[in-house]
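Working through the structure, step by step
Each chain, written out:
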Amino acid sequence: MIRKQRSAMGLGALLAVLAAGLAFPAGAAADETTADAPKVNLVIDVSGSMRERDIDGQSRMAAAKQAFNEVLDATPEEVRLGIRTLGADYPGDDRRTGCKDTAQLYPVGPLDRTEAKTAVATLTPTGWTPIGPALLKAADDLDGGTGSKRIVLISDGEDTCAPLDPCEVAREIAAKGIGLTIDTLGLVPNTKMRRQLSCIAEATGGTYTSVEHTDELTEKVNQLVERAADPVVTPVAVEGAERCADAPVLKSGLYTDREEFGQERWYRVDVAPGQELRASVSVAADRAVNPDYGVLLRAVTVHGREIVRGEAAGNGRTDVISTGLRYPKPESDADGGDGDDEEAEAEAETVCLRVTNSFSAASGVKTSPGLPLELTVDVVDGPSQAADVASFGLGRGWWLLGVLVVAGFLAGMVWGWLSRWRVAVWRTN
């Protein structure tokens, strides 16, 4: 009996070990999936002004809770969602304490809808509006992982904790190059609040929306959460150089950088014979700038000879200015007729891309960090003369032109014959 019991115990232990061994790879796979999962941090203003009853006959806080409950029900399973509050805990008048009043109500991770709804139900409008500190903490909540990261800020008033300017905070977050986007929603906004929330969103490539009804709030937050689940191309952070010789070599892709006012940045791209370089650049004015500005994108050789350029100018009505260029490299640049031609055809040319801006900062505006710059590089096979190059700019339009010419000729003949017949009848009568 004892031997049988020992055998049974040994068999049970072996099965437990095998089960544990099988479980570890599954856990590792789950960790990898979590690392790639999109993350969203909902940041909700719970300051005292959220008691105001001006959204569909109910308080702003009640409208936010209703919207959150519907959003939590509709959140995609793959999204890791968290909720952070600002101004929810400290009701006093001490500014230093009030400006630290931000807390993670529900941690960013797999969503337990019941638990998240219960946490939201406990919120009561209380204190200050520390938007800047809350954004810094919210960015830390999303640290780690390779999936998309998004903060959705919902507020009914401007920050009350300057000089930690939330717009400057957003620029600092964007300058880190971690691919984090901040979207802002203003409840019953005024001009000052609209300007501040717009600045926060623009600094990170996000969006600003004013909201005055509960269904608008629900729809917009749902849209932003679902957008986080969509596959996105995250720009690769790169640092341009002050001259071509020191510039980083870029492949096809999307890149982000920072450029000081009036500064130039250099990048390099290798283009093989028979390929075409397509490049575009966008520079965003994420702070107050003087009107009349421009951006210049030049493709030059390593010896400084300009190949092609693209340029654009603005007059203060737009916050982003963009331009682009195309450079098709011929199949062969060699002049000789011997075997050296094949080596010349196989050798890629280094093209230097120079980005220059003519922005100037308005009075009292910080110039650091630099303006956000986004550069798109695409190296593709060059167009073939037969398929892609239009004949005299018309291409297949020659067929339509021929039909129109023939139709016009026939119509002219018929009209002429009718006119002569009418004249002959008139003379006879």
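Scroll up to find the structure.
Scoring rules and cut-offs
Residues numbered from 1 in each chain as written. Predicted model: local features only at pLDDT ≥ 70, side-chain atom pairs only at ≥ 80, totals over all residues. Heavy atoms only, no water. Pairing = 2+ DSSP bridges. Helix = DSSP H or I, 4+ residues; strand = E, 2+ residues; numbered from the N terminus. Axes fitted to C-alpha atoms, helices over the stretch in contact; angles between N-to-C directions. Expected span 1.5 Å × (residues − 1). Buried < 20%, exposed > 50% of the residue type's maximum accessible area, 1.4 Å probe, protein only. Contact = heavy atoms within 4.5 Å. Polar contact = N/O pair within 3.5 Å; in protein donor to acceptor, adjacent residues only side chain to side chain. Phe/Tyr/Trp six-rings, centres within 6.5 Å; stacked < 30°, edge-to-face > 60°.

With that settled, the discussion passes to the sheet that holds strand β12 (residues 306–314). Strand order across the open sheet formed by 4 strands is β9-β14-β11-β12, with antiparallel pairing between neighbours. Edge strands, defined here as strands with exactly one partner in the open sheet, are β9 (264–271) and β12. Taken pair by pair, the neighbouring strands of this sheet meet at an average axis angle of 15°, ignoring direction. Relative to β12, strand β11 (residues 293–300) is paired through 8 bridges, and the arrangement is antiparallel. Across the sheet, the residue bridging to Leu296 is Glu311, located in β12.

Look at helix α8 (residues 214–229): 23 Å from first C-alpha to last across 16 residues, which is about the 22 Å you get at 1.5 Å a residue. Those residues of α8 not exposed but buried are Thr214, Leu217, Thr218, Lys220, Val221, Asn222, Leu224, Val225 and Ala228. Buried residues along α8 sit against β1 (39–45), α2 (60–74), β2 (80–86), β4 (149–155), β5 (180–187) and β6 (208–211).

Let's shift gears to the pairing of strand β10 (residues 275–284). Of the strand pairs in this sheet, β10 and strand β15 (residues 371–381) are connected by 9 bridges, and their pairing is antiparallel. Counterpart to Val281 in the pairing with β15 is Leu375. Pairing analysis gives 9 bridges linking β10 to strand β13 (residues 320–328), with the strands arranged antiparallel. Each residue of the ladder has a partner; that of Val283, found in β13, is Ile321.

Tracing the chain through its elements places Thr102 in strand β3 (residues 102–109). The exposure class of Thr102 is buried, given its relative accessible area of 16%. Only 2.9 Å separates the side chain of Thr102 from the backbone oxygen of Thr85, close enough to count as a polar contact. With near-sequence residues (within four places) excluded, Thr102 lies in contact with Arg84, Thr85, Leu86, Pro133, Ala134 and Lys137.

What follows is about the packing of aromatic side chains. This structure, assessed with the given rule, holds 1 aromatic pair. Look at Tyr293 and Phe359: their rings are 4.4 Å apart centre to centre, the planes differ by 20°, and that puts the pair in the stacked class. One end of the pair, Tyr293, is in strand β11; the other, Phe359, is in the loop between β14 (349–357) and β15, with 66 residues separating them in the sequence. Judged by relative accessible area, which is 4%, Tyr293 ranks as buried.

A separate point is helix α7 (residues 191–203). Under the 1.5 Å per step criterion, the end-to-end length of α7 is 18 Å for 13 residues, consistent within 8% with the ideal 18 Å. Turning to α7, its buried residues number three or more, namely Met193, Gln196, Leu197, Ser198, Cys199, Ile200, Ala201 and Ala203. For α7, the elements touching its buried residues are α5 (131–141), β4, α6 (166–175), β5, β6 and β8 (253–259). Where α7 starts, the residue carrying a side-chain oxygen 3.2 Å from the main-chain nitrogen of Lys192 turns out to be Asn190.

Attention now moves to the sheet that holds β6. Paired through backbone hydrogen bonds, the strands of a sheet run either parallel or antiparallel to each other. Taken in spatial order, the 6 strands make up an open sheet running β3-β2-β1-β4-β5-β6, and their pairing is mixed. For this open sheet the edge positions go to β3 and β6, each flanked by a neighbour on one side alone. Sheet twist, expressed as the average angle between the axes of neighbouring strands with direction ignored, equals 15°. For β5 and β6, the ladder comprises 4 bridges, and the chain directions are parallel. By the bridge assignment, Leu187 is partnered in β6 with Val211.

Treat this as a map of the structure, not an account of what it does.
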